[in-house]
Each structure stands twice: as C-alpha cells, then as structure tokens.
Amino acid sequence: FASSELQHTPTIIDVGGVQIGGKEIVVMAGPCAIENEKDFVDTAISVKKSGAKILRGGAFKPRSSPYAFQGLEEDGLKIMVAGREATGLKLVTEVVDTRDVELVNKYTDIFQIGARNMQNFRLLSEVGMTRKPVLLKRGLSATIEEWLMAAEYIIAEGNHEVILCERGIRTFETMTRNTLDLSAIPAIKDVSHLPVVVDPSHATGNWKYVPALAKGAVATGADGLIIEVHPNPPSALCDGPQSLRPERFESLMDELRLVAQAI
Ligand code: PEP
Ligand code: MN
C-alpha cells in the first residue's frame, strides 16, 4: 500500500545502484523529447558531468495538439540506449499506451506515467505488472488523495516501486504554466512512504524560474528532481522555453549541493 499506516520506513527504490528515497537527492535530467542521437548523447554526457544520475527523454510525446511533434517512438528509445551506453546513466521515459508497455520495458530503467495519464487505470495496472520502477506524475488537477490512489493501482499489481512526481497543478494563475505545489511534499511524507520527485520545468514553463523552484523543492524535502535540459532551447521541438542550457544546469547543481548540505 502507498499509505504509511502499514509501512513506517521510507521506500528506497534502487535503480541499478542509484537509490531514490535515500539520503542523496537524485537528479534526473535531459531534453523533453529525443530529437537526434548526437544532441541526446552530448546532453547525456554533459548532465552526467554535472552530477545527474538519471537521463530523461521523451520518445512518445503526448502533446496538447495532435499536429505537434509526437516523438521518435522506438527510434527514440534506441537513441536513449546510446545515451545510457555513453554515460552509464539510467533511463526514464514516458509510456502513453498499454500497447507500448512491453516495447518501452525493453529499453527503459524507469517508466514515466505522464500527468495526462495519471488516471489511465489500465495503463497503471499494465506497468504494475512489470517489475520496473514507475515515476508517476501528478495529474493536472488531481488531489493528493487521487494521486496516491493512482499509485495504489500500480502497487495492487505487485509493483511496489512507485516514485511520485509533483509537476505543478492547474490553478487560476497564468504567469506560470502550472502552480508548483510544494506543500504536497511534506503532506505526502506525512501519509505515505513513497519517494517524491519534483519537476520544476513543467511546473513553471519558464527556465528562469526553474532554479528557484528546484532549490525550494530540495529545501522542502523532495527526494529528487527531474529537469529539462536542452543544448539549444530556442530550437527544441518541445518545451524549449522551460529548458535549461547545460551550463545553467551545471551551476544549478552546485547551488543544489549547498541547499542539500544546509538542511
Ligand atoms: C514530460 O515530462 O515531458 C511531460 C510530458 O510531463 P507531464 O506529463 O508532467 O506534462
Ligand atoms: Mn516536457
């Protein structure tokens, strides 16, 4: 169960030696979408050098418009593996359809369930039947209770390796893409043993605000972060405005170490 009533100790998820929910803050970084092998591998090498432990990238992109770039699909997954081979970083990538779970399972180290699919119960059950960690993003307008019940769908199939990801929720505010709910972190820690990771990129939609919220997330008890990094954000096929350049990501990692030391 996701509830801490029956399990009092925090769940630590081991992804090939990287522990999520333990003492260290785990940073996942990479582009929103995989675009080509060279850019992806270069980005992978750079974020690894800065201290990221897990490489993110989308091969299946659930875009708001059906006419927007939808991802490279299996070719993208193969490029991700090239990134893993070049760096040793573990992979996290989104699966959007029950029909693709088997395929994505062949390549990834962590499944990502996107905000738009948080209550796609068939998809949750399907990844629950695998034995691979699942990063479960909070739905656009989901309460913490609904989010934990979604985690329960995965756990109910026997997969206990669920990582919750706060990525901002819909509010009346329009200055940021979403509103990052930092209070979700202590609130979840109060009722659940599952690790919590924060995505300041999708929460703000603006790279300028990403460092401040990333530091805030660490200060409020997040177990990790997932951050979009792109070598040339203006040319990104997806989410350029919220992507950090590799140099800014590197300096953010230094700032995060200071915050982690201070708490
Ligand atoms: C993503 O991580 O690229 C993504 C689509 O995120 P979300 O599901 O939170 O919108
Ligand atoms: Mn994105």
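In this report, the structure presented in the accompanying data block is examined. Per-chain numbering applies: the sequence of each chain, read as written, is numbered from 1 onward. For naming, the first written chain is A and the first written ligand is 1, with later ones following in the order written. In keeping with the predicted nature of the model, local features appear solely for residues at pLDDT of at least 70, side-chain atom pairs appear and are counted solely at 80 or more, and the whole-chain, interface and lining totals rest on all residues.

1. Focus on the overall build of the protein
Moving on, step 1. The numbering of helices and of strands both runs from the N terminus, where a helix is a DSSP run of H or I of at least 4 residues and a strand a run of E of at least 2. The number of helices and strands found in the protein is nine helices and ten strands.
Moving on, step 2. For 263 residues, the compact-globule estimate of 2.2 N^0.38 gives 18 Å, and the protein sits close to it at 17 Å.
Moving on, step 3. Counting all 263 residues of the protein, 49% fall into the buried class.
Moving on, step 4. Working definition of a contact: two residues with C-beta atoms, positioned from the backbone, lying within 7 Å. In the protein, the share of contacts with a sequence separation of at least 24, taken over all contacts with a separation of at least 6, comes to 67%. What the globule rule says is 2.2 Å times the number of residues to the power 0.38, and the radius of gyration is computed from C-alpha atoms. Here a residue counts as buried when 20 or more other C-beta atoms fall within 10 Å of its C-beta, as exposed when 12 or fewer do, and as partly exposed in between; the C-beta atoms come from the backbone.

2. Digging into the packing of helix H8 (residues 210–219) against helix H9 (residues 246–262)
Moving on, step 1. To obtain each axis, a line is fitted to C-alpha atoms, and for helices this fit is confined to the stretch in contact; angles are then taken between N-to-C directions over 0 to 180 degrees. Here H8 crosses H9 at 25 degrees, and the two axes come no closer than 9 Å. When the axis of H8 is compared with that of H9, the two are roughly parallel. Here the hand of the crossing between H8 and H9 comes out right-handed. Facing Pro 211, Ala 214, Lys 215, Val 218 and Ala 219 of H8, the residues of H9 in contact are Leu 252, Glu 255, Leu 256, Val 259 and Ala 260.
Moving on, step 2. Residue type decides the class: Asp, Glu, Lys and Arg count as charged, Ala, Val, Leu, Ile, Met, Phe, Trp, Tyr, Cys and Pro as nonpolar, and the leftover types, Gly among them, as polar. The class makeup of the residues in the contact of H8 with H9 is eight nonpolar, no polar and two charged. Oblique is the label for every angle not falling under 35 degrees (roughly parallel), over 145 degrees (roughly antiparallel), or within 65 to 115 degrees (roughly perpendicular). Left-handed describes a crossing whose near helix is turned anticlockwise from the far helix by less than a right angle; the clockwise case is right-handed.

3. Focus: the sheet that holds strand S7 (residues 134–137)
Moving on, step 1. One bridge is not enough; two strands pair if DSSP finds at least two bridges between them. The strand order around the closed barrel formed by eight strands is S3-S4-S5-S6-S7-S8-S9-S10, and the pairing between neighbours is parallel. Taken over all neighbouring pairs, the strand axes of this sheet differ in orientation by 25 degrees on average, direction set aside.
Moving on, step 2. Across two bridges, the pairing between strand S3 (residues 26–30) and strand S4 (residues 54–56) is parallel. Within S4, the position partnered with Met 28 by the bridge is Ile 54.
Moving on, step 3. Its contacts with the sheet place helix H5 (residues 144–155) against S7 and strand S8 (162–166), and it is angled at close to 155 degrees to S8.

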